[in-house]
Amino acid sequence: MNRFLKIYLVVTGILAVVGPVVALFLSVLSLLFPPLRLLAWGLGTAPVLFLYGAVFAAGWFPARSRLGAPGAFVVGGAAAACLAGVTPLLVNEGLETWTARVRAEDKLPSDPVPISGVLRIERDGSAYGLGSHPERLACDTFCAAALFTPGVEAVVVALSDDARPREMSRRDDHTAAYRLQRGECPVPLLPRSGADFDLREWPDTTALHTSHLLALADGRCLVFDDTIPAADWTLRLDRRTLWGGDRTRSSDPPDKLVAGVGPFDPLGTITRTRLSLDGRGARVLQQTRVDTQPLAVPLFAAAVGGFFNFQFGWYRREHTDGRFDPIALLARTTRLRLSPSTSPTPAPTAEAVRTALTAALDDPALPAGAAGLRLIGPMLRAMDPREVPPIDVRPDDAALIARAVADLRVPESDIDIGLASAIRALGPSAHVLRGPMVARLLSTPVTKDRRDWSGLGFALALLPPGTFATLTPDEERLLADPERQRWVTGLIERLTDRGASGVPQLIDVIARAYARRAIENGWSGPDDARAALRAVCRLGPASGDGFAKLAKLIETGAVPRSVLDEREWQFTLARLSGSLEPVTTIGDVSASRPPDKRQPWPILVQFKPEYCQ
């Protein structure tokens, strides 16, 4: 037994050093050969096997000479069993005791707190994006809900202490102050839609944001305050890693835990989420959530992490003490207006949105981006059938949306997001959007930072069937513009409405796209070329001489020979030529590699349009 134990310790000791590293590479290779995962798991547990062997040996060798082999086996086994069972119980009990101490000062007010005056809101840094004013935080839906609460005069938004870099002062951390006032808004400043990860369970953000836009369209202004007023109330919501992370700071209290030491650290990762409200010289509300990772009993190792952070560590459970929903808690314990039913702003009904949007479009004095004009965004999103409940589509909705699309004061971002859903909901009446959509795409300036993809250009593909059987002069100009054609993939795909007469334009689009890509060193994605290729593919034999035209592009070098290695080109050429196999050779030009036999080849004799995607 002595000899076996020594050999065991030597072997597992060596494997404990090199095993996890080898296991990492085997785990990657197991994607190709799954049985290697078992070998990877075995090597990854080597440190634990060595640990149990060392503990057993610590009991075995001293007791062997006094108690004999049976007694030494009992002593060594008891030591290993203590490590496997008692150790995790002691660690977990310590976690429970520490958690109770962290949450000991939690309190709730007996009655809802009437917050008034200046409210300072401190949250994690990623909870805000920079707003309209450089280096200042934006006012999101939560900030706006506080501003519209009766009695609240101003809201200061700031980073929580844990999110503020060490060298950043309390004033120079993007802190911003906002107020509401009546009157004209020469420079529209709107609350940012939505709330971030710390309030991700808030169900009313969309409705509240619409309600706030309606209120701002009715003669109120959101104003940025250059001075930061003193706070009457301070609301803090922050989440910090107390153990196992890298967010410890020298300014933290002395009883705060420090960073963990790795995956085999017995404490794992501990995070604390705390919501507190201070005012009138005292803390009136505090709730703390603590997330821990207790050790499993018995103690053993397991693979943790994903593909890019794969490692081995102690197997743990996920445990939470003090779980709470910040919005639900604040709605219950304060008088902040955090739902449409309690907000003093107009109810976000479809009729109210239509009326305010119409009034804004009728007012030529409104500046670009005004609150009333931006109501087109909520209206379009509400037409999505996945919304609960979706709005009832009226016959005159198409004309109203067409006016909004044509009005360049309406930001394109508000149109991009929901226009596709609106077109589907409008059905045949959506044809009135054709002219305004094309005109807007033609009038949009061509800038270097203009993204290639356009929701407006994509939505053209969803207009009623046959819309583009005959192109307008504006559509002809749009397709002939080598810069703008990349924005109108929907129009390119709908050239199928023209049948074989649209093929020359599709071929020109492909040639211009690859020429542009060559000039820009490949930085420009050929989405317009792919859209044209999909259109030719759908036409199939009805494209006339489509195969000959594509073949000429390849033979003359107008498109690179590497396209013959791409599955979409192989399939399109096969469909046009009538071949039942991938086309990988055109004249003297051949693909650099054979087609991938592992992927199923669509059945051309039972063609479906989705095969062209």
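These remarks concern the structure in this document.

Criteria and thresholds
- Residues numbered from 1 in each chain as written.
- Predicted model: local features only at pLDDT ≥ 70, side-chain atom pairs only at ≥ 80, totals over all residues.
- Heavy atoms only, no water.
- Helix = DSSP H or I, 4+ residues; strand = E, 2+ residues; numbered from the N terminus.
- Contact = heavy atoms within 4.5 Å.
- Areas by Shrake-Rupley, 256 points an atom, 1.4 Å probe, with all protein chains shown as cover.
- Axes fitted to C-alpha atoms, helices over the stretch in contact; angles between N-to-C directions.
- Parallel < 35°, antiparallel > 145°, perpendicular 65-115°, else oblique.
- Left-handed = near helix turned anticlockwise from the far one by under 90°.
- Nonpolar A, V, L, I, M, F, W, Y, C, P; charged D, E, K, R; others polar.
- 1 Å grid on protein atoms, 1.4 Å probe; cavity = no way out; pocket = protein on both sides within 12 Å on 5 of 7 lines; lining within 4 Å.
- Points joined across faces, edges and corners; volume = space filled by probe spheres on them.
- Pairing = 2+ DSSP bridges.
- Phe/Tyr/Trp six-rings, centres within 6.5 Å; stacked < 30°, edge-to-face > 60°.
- Buried < 20%, exposed > 50% of the residue type's maximum accessible area, 1.4 Å probe, protein only.
- Expected span 1.5 Å × (residues − 1).
- Salt bridge = Lys/Arg side-chain N within 4 Å of Asp/Glu carboxyl O.

### As for the overall build of the protein chain
Okay, so step 1: Helix and strand content of the protein chain: 19 helices and 12 strands.
Okay, so step 2: Across the protein chain, the fraction of contacts at a sequence separation of at least 24, relative to all contacts at a separation of at least 6, is 73%.
Okay, so step 3: Roughly 29,900 Å² of accessible area belongs to the protein chain as shown, and the carbon and sulfur atoms make up 59% of that amount.

### A closer look at the packing of helix 18 (residues 546-555) against helix 19 (residues 567-577)
Okay, so step 1: Two numbers describe how helix 18 lies on helix 19: the axes approach to 9 Å, and their chain directions differ by 140 degrees. Considering the angle they form, helix 18 stands oblique to helix 19. Helix 18 and helix 19 meet at a crossing whose hand is left-handed. Facing Gly546, Phe547, Leu550 and Ile554 of helix 18, the residues of helix 19 in contact are Trp569, Thr572, Leu573, Leu576 and Ser577.
Okay, so step 2: Among the residues forming the contact of helix 18 with helix 19, the class breakdown is six nonpolar, three polar and no charged.

### Topic: empty space enclosed by the protein
Empty space left among the atoms is revealed by rolling a probe the size of a water molecule over them.
Okay, so step 1: For the coordinates displayed, the defined rule picks out one cavity of 30 Å³ or more.
Okay, so step 2: By volume, the largest cavity is sized at about 40 Å³.
Okay, so step 3: As for the largest cavity, its lining consists of Ile121, Glu122, Arg123, Phe142, Leu199, Leu235, Arg236, Leu237, Leu275, Pro326 and Leu330.
Okay, so step 4: At the level of secondary structure, the elements contributing two or more residues to the lining of the largest cavity comprise strand 1 (117-123), strand 5 (233-243) and helix 6 (326-333).
Okay, so step 5: Looking at the lining of the largest cavity residue by residue, the classes come out as eight nonpolar, no polar and three charged.

### Digging into the sheet that holds strand 2 (residues 152-159)
Okay, so step 1: If you trace the eight strands from one edge of the open sheet to the other, you get 4-3-2-1-5-6-7-10, paired in mixed fashion. Single-partner strands in this sheet number two, and they are strand 4 (220-225) and strand 10 (319-321). Taking the axes of each pair of neighbouring strands and ignoring which way they run, one obtains an average angle of 20 degrees across the sheet.
Okay, so step 2: In this structure, strand 2 lies alongside strand 3 (residues 176-182), joined through three bridges in antiparallel fashion. Paired with Val156 across the strands is Ala177, a residue of strand 3.
Okay, so step 3: Across the sheet, helix 6 is in contact with strand 5, strand 6 (270-279) and strand 7 (282-292); its angle to strand 7 comes to roughly 155 degrees.

### Considerations on the packing of aromatic side chains
Okay, so step 1: According to the stated counting rule, one finds six aromatic pairs in the structure shown.
Okay, so step 2: Note on Phe56 and Trp60: the rings are 6.1 Å apart at their centroids and 20 degrees apart in plane angle, and the pair reads as stacked. In this pair, Phe56 and Trp60 both sit in helix 3 (residues 46-102), four residues apart, roughly one turn of the helix. With respect to burial, Phe56 and Trp60 carry one shared label: buried.
Okay, so step 3: Ring geometry for Phe142 and Trp202: centres 6.1 Å apart, planes at 80 degrees, overall edge-to-face. Within this pair, whereas Phe142 is found in helix 4 (residues 141-147), its partner Trp202 is found in the loop between strand 3 and helix 5 (205-217), the two being separated by 60 residues in sequence.
Okay, so step 4: Put simply, the rings of Phe56, Trp60 and Phe73 pair up and form one aromatic cluster.

### A closer look at the pairing of strand 1
Okay, so step 1: When you tally the buried positions in strand 1, you get seven out of seven residues, the bulk of the element.
Okay, so step 2: Taken together, the five bridges between strand 1 and strand 5 define a ladder with parallel strand orientation. If you follow Leu119 over to strand 5, its bridge partner there is Trp233.

### Comments concerning the environment of Thr269
Okay, so step 1: Mapped onto the fold, Thr269 is located in the loop between strand 5 and strand 6.
Okay, so step 2: The class for Thr269 is partly exposed, based on a relative accessible area of 32%.
Okay, so step 3: Each C-alpha atom, one on Thr269 and one on Trp243, is 5.3 Å from the other, the two residues being 26 residues apart in sequence.

### Re helix 5
Given 3.6 residues to a turn, an α-helix orients residues that are three or four positions apart in the same direction.
Okay, so step 1: Over its 13 residues, helix 5 runs 18 Å from end to end, which matches the ideal 18 Å to within 8%, given 1.5 Å per residue.
Okay, so step 2: Along helix 5, 10 of the 13 residues are buried, which leaves the element largely enclosed by surrounding structure.
Okay, so step 3: Taken as a whole, helix 5 has its buried residues at Thr205, Leu208, His209, Thr210, Ser211, His212, Leu213, Leu214, Ala215 and Leu216.
Okay, so step 4: Packed against the buried residues of helix 5 are helix 4, strand 3, strand 4, helix 7 (350-362) and helix 8 (376-382).
Okay, so step 5: The positive-phi residue at the C-terminal boundary of helix 5 is Gly219, with phi of around 105 degrees.

### So, the pattern of salt bridges
Okay, so step 1: Tallied over the full model, the rule gives 28 salt bridges.
Okay, so step 2: When the shortest N-O distance is used, the salt bridge between Glu493 and Arg538 registers 3.0 Å. Taken together, the residues span a long stretch of sequence, with Glu493 in helix 15 (residues 489-493) and Arg538 in helix 17 (residues 527-539) at a distance of 45 residues.
Okay, so step 3: On the accessibility criterion, Glu493 (15% relative accessible area) is buried.
Okay, so step 4: Of the charged contacts, one joins Lys549 and Asp545 as a salt bridge, the two residues approaching to 3.6 Å between their closest N and O atoms.

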